[in-house]
Protein chains: 2
Amino acid sequence: MPQLHAYLAGPDVFLPEAAAQAAAKIAICARHGFIGISPFNPALDLSQPKSALWRQIFADDLRMMRECDLIIANLTPFRGASADAGTLVELGWFLGAGKPVFGYSNNAVDFAARSQAQRAATPDPLPGLAVEDFGLADNLMIPGALEQSGGALVLPPDGITRAFDSLEVFELCTAAAAGQLYRLSR
Amino acid sequence: MPQLHAYLAGPDVFLPEAAAQAAAKIAICARHGFIGISPFNPALDLSQPKSALWRQIFADDLRMMRECDLIIANLTPFRGASADAGTLVELGWFLGAGKPVFGYSNNAVDFAARSQAQRAATPDPLPGLAVEDFGLADNLMIPGALEQSGGALVLPPDGITRAFDSLEVFELCTAAAAGQLYRLSR
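Residues numbered from 1 in each chain as written. Chains lettered and ligands numbered in written order. Predicted model: local features only at pLDDT ≥ 70, side-chain atom pairs only at ≥ 80, totals over all residues. Heavy atoms only, no water.

> Please provide a residue-by-residue account of the sheet that holds strand β5 (residues 153–154) of chain B, values included.
All names here are of chain B. The strand order across the open sheet built from five strands is β2-β1-β3-β4-β5, with neighbouring strands paired in parallel fashion. Looking at the sheet topology across the chains shown, the edges are occupied by β2 (34–37) and β5. Here strand β3 (residues 70–74) runs beside strand β4 (residues 101–104); their pairing, made up of four bridges, is parallel. The partner of isoleucine 71 across the bridge, within β4, is valine 101. (Pairing = 2+ DSSP bridges. Helix = DSSP H or I, 4+ residues; strand = E, 2+ residues; numbered from the N terminus.)

Structure representation (structure tokens):
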């Protein structure tokens, strides 16, 4: 059967070694039978005006998303209590497009505890704002989307937070996606 | 012509007066020709186990999203540099489902400046993580999604940040959606 294309969403594009991280993820995908597609594009023309550059990045990302069969999203929290904003838009897009959504986080801390920590470091804009507390890894729409799509959310199996750029949990997630999608497709 | 149904996404569900806020948004929608559908559900059975409760909320939200013709998303930053995580999943879902995406923020501060402030209050997990700086209101996937879908992003017109629960910019956004969608549908 043909290999599936996996869109490799995440704040990985902001890493100082983003190109190497993208290459490492693509190699892991290949080991598990996927063609990994990374939104990191080292060939972007950075000399164009900002207003053209961001629109080109968006158009490139949307084209890649349309060409992919599934998403493997890095949901490790980024600059706040939750996952990276762009990654979440992409995750929602895959659910809306009817494609499977897989995700992982290198962070093992409960979302409610992270929300409390965020609130302690930067007070909420109003008193009395609720903290979502369902014992989940992030806002319920995220595990809900993964479950609804037939995908999975993979966390550090020993409950110990990994380094932000660790690929250990990504590989577990990629293996889970392969087990799920290639088994289903037989 | 029939009235369009607008899904009223946002961290408004976490407000201490969430029911009143939902009612106020639905009233504003009615003035602009929309039937507002709020994910805030005061009739939830809170006695069920957490694992059943969050799945019911997700299923209810997804059903409402499917019944709606557009989303009007509150993208005011919530517990971090970016918009609320659940709202972003919903925003992406509407783009993936081919429905128009409208959004607003009560915050007038540039995303790059908010990212720097977040990083100052809570250091990044690794040194050298880039700050996205395109002069936008949030991660480029958000204005990209709104523009791609034929929607719009509405910010405080005078560049002054409003209160977190202000409905002034929401009303401008709702009026923009009405102008766009009812004009297009004639």
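After that view of the structure, there is still more to cover.
> Go over the sheet that holds strand β2 (residues 34–37) of chain A, please, and point to the residues and values.
All names here are of chain A. Reading across the sheet, the five strands line up as β2-β1-β3-β4-β5 and stay open at both edges, with parallel pairing between neighbours. With one partner strand each, in any of the chains shown, β2 and β5 (153–154) form the two edges of the open sheet. Each of β1 (4–7), β2, β3 (70–74), β4 (101–104) and β5 touches helix α6 (residues 168–184); the most contacted strand, β4, lies at about 160° to it. (Contact = heavy atoms within 4.5 Å. Axes fitted to C-alpha atoms, helices over the stretch in contact; angles between N-to-C directions.)

> How would you summarise helix α6 (residues 168–184) of chain B if you had to cite specific residues and measurements?
The end-to-end C-alpha distance of α6(B), which contains 17 residues, comes to 24 Å, matching closely the 24 Å that a straight helix rising 1.5 Å per residue would cover. Tucked inside the fold, the buried residues of α6(B) contact β1 (4–7), α1 (18–31), β2, β3, β4 and β5 of chain B. (Expected span 1.5 Å × (residues − 1).)

> I'd like a rundown of the interface of chain A and chain B, residues and numbers included.
Taken together, the contact between chain A and chain B spans 59 residues of the former and 59 residues of the latter. Between chain A and chain B, the buried area comes to about 4,900 Å², and carbon and sulfur atoms account for 69% of it. Of all residues in chain A, the largest losses of buried area upon contact with chain B belong to A:Trp54, A:Arg79 and A:Met141, amounting jointly to 18% of the total for that side. Taken together, chain A and chain B are joined by six salt bridges. (Buried area = accessible area lost by both parts, 1.4 Å probe. Salt bridge = Lys/Arg side-chain N within 4 Å of Asp/Glu carboxyl O.)

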